[in-house]
Amino acid sequence: MARGLAVAWAVLGPLLWGCALALQGGMLYPRESPSRERKELDGLWSFRADFSDNRRRGFEEQWYRRPLRESGPTLDMPVPSSFNDISQDWRLRHFVGWVWYEREVILPERWTQDLSTRVVLRIGSAHAYAIVWVNGVDTLEHEGGYLPFEADISNLVQVGPLSSQLRITIAINNTLTPTTLPPGTIQYLTDTSKYPKGYFVQNTYFDFFNYAGLQRSVLLYTTPTAYIDDITVTTSVEHDSGLVNYQISVKGSNLFELEVRLLDAENKLVANGTGTQGQLKVPGARLWWPYLMHERPAYLYSLEVRLTAQMSLGPVSDFYTLPVGIRTVAVTESQFLINGKPFYFHGVNKHEDADIRGKGFDWPLLVKDFNLLRWLGANAFRTSHYPYAEEVLQMCDRYGIVVIDECPGVGLALPQFFNNVSLQNHMRVMEEVVRRDKNHPAVVMWSVANEPASHLESAGYYLKMVITHTKALDPSRPVTFVTNSNYAADKGAPYVDVICVNSCYSWYHDYRHLELIQLQLA
């Protein structure tokens, strides 16, 4: 019975991708290629927090219409970083409301003059609600931290002789409400004998700091006007052959050809195909194995996609290379299988926090973390409690560290958090997570929440809907949430593929008494 379930999962999962819910637009990681360039905007940005009572002075005075320094005093703010711990201004540590970032950029002349070039502004993450202006023009809005968003700004930069000068303004609000993810509440303290007029605090229902700001890279990148918009890859194994199923979407032209080549780690061609979808067969495939599960773990192929499109100005080509790991994932009644072998998750729950930089992405810290993971003999972690930077997952693919990919569904502790607006928002966030992370072989399971109040009747329906939606987005991976509810009362657990339980013995109670863990766990 269990073996049959595993085989069915491994075989049907990749096939069902063709029936998966279609996501609107791709979110491929910006990689340089013969047809694509990128210009990183990391470094010092001008920064100003809106300390006005209503936090809306920046909008009332339209700070986005002119250089931010003309609105008043600004600070140098490194990007990526959280703004909370950079300054010696104590008010920024727990600031809640709108903060403003600005960067002036000079573009390469070719980007502004070549009308066959498409220029895209991409923000790696902005916690938690962001509005973006380019040269004072409202360009883009996004709700939710920890995930990327972008806009085609070609029409703003290809307009005249001064178009190479670019002023990017980003307003970010870190307020958490009952309908944000994660949720929170604003509490106004009205006792004037204790608090000044209008005094409020942000209440959160999770035990980590609500860092905020431009916490991942901001960059500009180019593509041709006809371009590869998205690639979806699933893999399976048939006898000793690996099967790579691909789907490719193209935008900007209906007259095009696609060539697909799969190269091994030595850059040798092992399979090729054409068209927007197909299957590549790799005899004697090297599988992607977790760390310490194989003598050569984390084997990666390269899927090279070449687009040739016919445009009014002549033929246009676009190139994109996607790392691919061939592996299968399946669950039985009692085991989690990778490539048909039982896998035991031996690892940690991580965070992205660090001194000074907060949740700001930092390569030295990331590499140190992976050295620590391997030193520990760990083979997995959960992205507690939000999606980590894309570069983290790329490292997991390369090192063989298995990932339970969790959305920011943490702190769902109160009945009012399980409402229809929150549900729609939660499902949208899962769409963004799956769209960004679907091609990472290291990602073996989606987690839709951490420690929700899953004993509530309303939580049961809510979690059922989010889990069902996630399964529809990606039928190839199991779905879970991490519970701390009593098993007899948990309304969400029946809908998951794998039951995950948080048991923090000798941590939140009976501190330091390790001798009690075995008894209490049993």
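All values reported here derive from a predicted model rather than from experimental measurement.

> I'd like to hear about the sheet that holds strand β18 (residues 301-311), residue by residue, with values.
Overall, antiparallel pairing links the 4 strands, which are arranged β16-β15-β18-β19 in an open sheet. Every other strand in the sheet has two partners, leaving β16 (269-274) and β19 (314-324) as the edge strands with one partner each. Here the average twist between neighbouring strands, direction ignored, is 15 degrees. Alignment of strand β15 (residues 256-263) against β16, held across 5 bridges, turns out to be antiparallel. In the sheet register, Arg 261 faces β16, and the bridge partner there is Asn 272.

> Any chance you could break down the layout of surface pockets for me, citing the residues and the numbers?
A water-sized probe, rolled over the atoms, reveals where empty space remains. Of the voids in this model, the largest pocket is the one considered here, and its volume is about 1300 Å³. Considering the residues around the largest pocket, the lining is formed by 43 residues, among which Asn 349, Arg 382, Val 482, Val 501 and Asn 502 are closest to the centre. Looking at side-chain class alone, the lining of the largest pocket contains 24 nonpolar, 13 polar and 6 charged residues. Lining the second largest pocket we find 29 residues, and of these Arg 55, His 94, Phe 95, Val 96 and Phe 200 sit closest to its centre. Looking at the lining of the second largest pocket, the elements that each hand over two or more residues are β10 (184-188) and β11 (200-204). At 4 residues, β11 tops the list of elements feeding residues into the lining of the second largest pocket. Tallied by class, residues from the lining of the second largest pocket come to 13 nonpolar, 11 polar and 5 charged.

> Kindly report on the UniProt feature "domain: Glycoside hydrolase family 2 catalytic" (unreviewed entry) in the chain, identifying the contributing residues and their values.
Under the UniProt annotation, "domain: Glycoside hydrolase family 2 catalytic" (unreviewed entry) lies at residues 329-520. Structurally, residues 329-520 comprises 33% helix and 18% strand, and the distance from its first C-alpha atom to its last is 32 Å.

> Any chance you could break down a nonpolar patch on the surface for me, citing the residues and the numbers?
There is a patch of nonpolar side chains on the surface, built from Val 348, Leu 372, Trp 375 and Leu 376 and spanning about 430 Å² of accessible area. Considering each element in turn, the nonpolar patch owes the most residues, 3 residues, to helix α5 (residues 363-376). Counting through the fold element by element, Trp 375 comes out in helix α5. The class of Trp 375 is exposed, set by a relative accessible area of 70%.

> Before we move on, could you go through the sheet that holds strand β21 (residues 336-338) and cite the residues and values that matter?
With respect to topology, 3 strands assemble into an open sheet ordered β20-β21-β22, the strand pairing being antiparallel. On the outer flanks of this sheet lie β20 (329-331) and β22 (341-342), each paired with one strand and no other. Pairing geometry for β20 and β21, over 3 bridges, is antiparallel. Paired with Val 331 across the two strands is Phe 336, which belongs to β21.

Criteria and cut-off values
- Residues numbered from 1 in each chain as written.
- Predicted model: local features only at pLDDT ≥ 70, side-chain atom pairs only at ≥ 80, totals over all residues.
- Heavy atoms only, no water.
- Pairing = 2+ DSSP bridges.
- Helix = DSSP H or I, 4+ residues; strand = E, 2+ residues; numbered from the N terminus.
- Axes fitted to C-alpha atoms, helices over the stretch in contact; angles between N-to-C directions.
- 1 Å grid on protein atoms, 1.4 Å probe; cavity = no way out; pocket = protein on both sides within 12 Å on 5 of 7 lines; lining within 4 Å.
- Points joined across faces, edges and corners; volume = space filled by probe spheres on them.
- Nonpolar A, V, L, I, M, F, W, Y, C, P; charged D, E, K, R; others polar.
- UniProt positions renumbered as here; feature names shortened; annotations may be inferred.
- Patch = residues over 30% accessible without salt bridge, like charges linked within 9 Å, V, L, I, M, F, W, Y side chains within 5 Å.
- Areas by Shrake-Rupley, 256 points an atom, 1.4 Å probe, with all protein chains shown as cover.
- Salt bridge = Lys/Arg side-chain N within 4 Å of Asp/Glu carboxyl O.
- Buried < 20%, exposed > 50% of the residue type's maximum accessible area, 1.4 Å probe, protein only.

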